[in-house]
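Notes for the structure review
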Amino acid sequence: MAAKLLEADAAQGSAHAHFLAGVAATQMHGERASVAHYERALALLPELHPARSNLIRALLERNLAGDVARALEHAKTAVAMQPTVAEMAYQLGVLHMRASHND
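Scoring rules and cut-offs
- Residues numbered from 1 in each chain as written.
- Predicted model: local features only at pLDDT ≥ 70, side-chain atom pairs only at ≥ 80, totals over all residues.
- Heavy atoms only, no water.
- pLDDT = per-residue confidence, 0-100.
- Helix = DSSP H or I, 4+ residues; strand = E, 2+ residues; numbered from the N terminus.
- Buried < 20%, exposed > 50% of the residue type's maximum accessible area, 1.4 Å probe, protein only.
- Arc of directions from axis to C-beta.
- Core = buried A, V, L, I, M, F, W, Y, C linked by side-chain atoms within 4.5 Å.
- Phe/Tyr/Trp six-rings, centres within 6.5 Å; stacked < 30°, edge-to-face > 60°.
- Contact = heavy atoms within 4.5 Å.

Mean pLDDT over the protein stands at 86; residues scoring 70 or higher make up 86%. Within the protein, no element has a lower average pLDDT than helix α1 (residues 2–11), which sits at 59, and none a higher one than helix α3 (residues 35–44), at 95.

Set out below in structure tokens:
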């Protein structure tokens, strides 16, 4: 029921509703199911940093062709937007390591 309400709010164009729908999708179906929700949230509100952080994890979990590269781009954006947040720099470092192993 709650997921359906979040979907209805998200359909109205609320970045926070898309974010919360992503969180609900993760809880119910795993992180792979949340990618589209987090992408929509960020399209509406690029500075919604928890959505970007969760999207990076979801892309890595999903691991389709190009997902590591997309996660790396999101991590670079996160560091540029939040240069003093250590978690963002850590994620970027982890992604650089993972990308070098995928080459």
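Next up on the list: α3. Residues of α3 that are buried: V35, H37, Y38, A41 and L42. Around the axis of α3, the buried residues are gathered within 165° of arc, so they sit on the same side.

Below, the discussion takes up the nonpolar core. L48, A51 and L95 are the most contacted members of the largest nonpolar core, which totals 20 residues. Residue assignment for this core shows that the elements contributing at least two residues are α2 (15–29), α3, α4 (49–62), α5 (67–81) and α6 (86–102). The element contributing the most residues to this core is α4, with 6 residues.

Tallied over the entire structure, the rule returns 1 aromatic pair. Summarising the aromatic geometry, the rings of F19 and Y38 are spaced 5.9 Å apart at their centres and angled 45° between planes, so their arrangement reads as tilted. With F19 in helix α2 and Y38 in helix α3, this residue pair connects regions lying 19 residues apart in the sequence.

Right, let's get into the side chain of Q82. Relative to the elements of secondary structure, Q82 occurs in the loop between α5 and α6. Not counting the four nearest positions on each side in its chain, Q82 is found in contact with H49 and M88.

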